[in-house]
Amino acid sequence: MRRFYSIIALSLALLPLTGVARTIGDLFASEPGNIFPLLTRTHRLDMVDYYNSGQMVAVPNNLTGDSRLLMLDSVYLKVQTSGSREVEMRMRTVGKDTVITVIETVKTPVPDSRLTQWNSHWQRYTSDRLFAMPSIDDFVIGKMPRDLRADLQDAMIFPLIGLTFKGEGHDIIEASHGLEQFLVPSEYKRYAAYLKPSINYRFNGLKIKRVK
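What comes next is a walk through the structure. (Residues numbered from 1 in each chain as written. Predicted model: local features only at pLDDT ≥ 70, side-chain atom pairs only at ≥ 80, totals over all residues. Heavy atoms only, no water.)

## Re the pairing of strand β2 (residues 66-72)
To keep it simple, the criterion reads: We treat two strands as partners when DSSP finds at least two bridges between them. Each helix is a run of DSSP H or I of at least 4 residues and each strand a run of E of at least 2, with the numbering of both proceeding from the N terminus.
In this sheet, β2 lies alongside strand β1 (residues 59-60) in antiparallel orientation, the contact comprising two bridges. Within β2, the position partnered with Val59 by the bridge is Ser67. Hairpin connection between β1 and β2: a loop of five residues separates the two successive antiparallel strands, and Thr64 in this loop has a positive phi of roughly 65 degrees.

Rendered as structure tokens:
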């Protein structure tokens, strides 16, 4: 019976998406493989089916590893696609279309994220003006001494910035740096007084703007 409902859901997911999509689960199922290359549509439908029946079951992916659907409601989901990668998706309505904001996070082991946005046909919005990924300078508060700032820049040649959705409606994007995890404690203490642990962003139409 569960397989029967999965086939029905798959058929619906393959229908053209026009206007506002039904749920984030529909979009999860219809994603063409740019974000979920390790999970077939059948895998994804099974994950949603299990979750809706109160079970968090590991589903085998195409790399012989396991994937899990960790959270799901009508507009938000969080998927652990592998042992080191998680994906969050937030659906919202902008004008007459549905916009999907996707956060992909790889744990290196310090979280490192990227954010992309897509329409309901899974066509990507590519404008850099919609969201500016923060740099380590965005977390600096007060006037950091010049030599200390230079040392910080050297320490963060490859800045690792994690992103995640926060808030009851998953409508806040929190960015955090991984310096405390990346540096040894004695080194981190040199910078700690000049750094805020996180900064927040909110949706504003298609744009995602920093909360001042």
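Now that the structure has been shown, we can carry on.
## What about the pairing of strand β5 (residues 97-107)?
What counts here: For each residue, the accessible area found with a 1.4 Å probe, counting protein chains only, is set against the maximum for its type, and the residue is called buried under 20%, exposed over 50%, and partly exposed in between.
Of all 11 residues in β5, nine are buried, a share of seventy percent or more. Note that strand β4 (residues 85-94) and β5 share 10 bridges and pair antiparallel. Looking at the pairing, Thr93 lines up with Thr98 of β5. Between the antiparallel neighbours β4 and β5 lie two residues, among them Gly95 with a positive phi of about 65 degrees.

## Comments concerning the nonpolar core
As a rule of thumb, nonpolar side chains are buried together in soluble globular proteins. As a reminder, the rule being used: Residues grouped as a nonpolar core are buried Ala, Val, Leu, Ile, Met, Phe, Trp, Tyr and Cys residues, joined through side-chain atoms within 4.5 Å. Throughout, a contact is declared for two residues whenever any of their heavy atoms are within 4.5 Å.
Leu152, Ile173, Leu179 and Leu195 are the most contacted members of the largest nonpolar core, which totals 25 residues. The residues touching Leu195, leaving out its near neighbours within four places in the chain, are Phe139, Val140, Ile141, Leu152, His177, Leu179 and Tyr188. With 21 residues, the next largest nonpolar core counts Ile24, Leu72, Leu77 and Val79 among its residues.

## Here's the deal with the environment of Lys209
Looking at where Lys209 falls in the secondary structure, it is placed in strand β11 (residues 207-210). For the pair Lys209 and Leu152, spaced 57 residues apart in the sequence, the C-alpha separation amounts to 25 Å. In this view, Lys209 contacts Asn200, Tyr201, Arg202 and Asn204; residues no more than four positions away in its chain are not counted.

## A look at the sheet that holds β5
Selection rule: An axis is simply a line fitted to the C-alpha atoms; with a helix, the fit covers only the stretch in contact. Between two such axes, the angle follows the N-to-C directions and lies from 0 to 180 degrees.
With antiparallel pairing, the seven strands of this open sheet are ordered in space as β1-β2-β3-β4-β5-β6-β7. Two strands in the sheet have a free side with no partner beyond their single neighbour: β1 and β7 (124-125). Sheet topology note: the β5/strand β6 (residues 111-119) ladder contains nine bridges and is antiparallel. Across the sheet, Glu104 pairs through a bridge with Arg114, a residue of β6. Sitting on the sheet, helix α3 (residues 41-52) is in contact with β1, β2 and β3 (76-82), with an inclination near 50 degrees to β2.

Interpretation note: all reported values are geometric properties and have no functional meaning in isolation.
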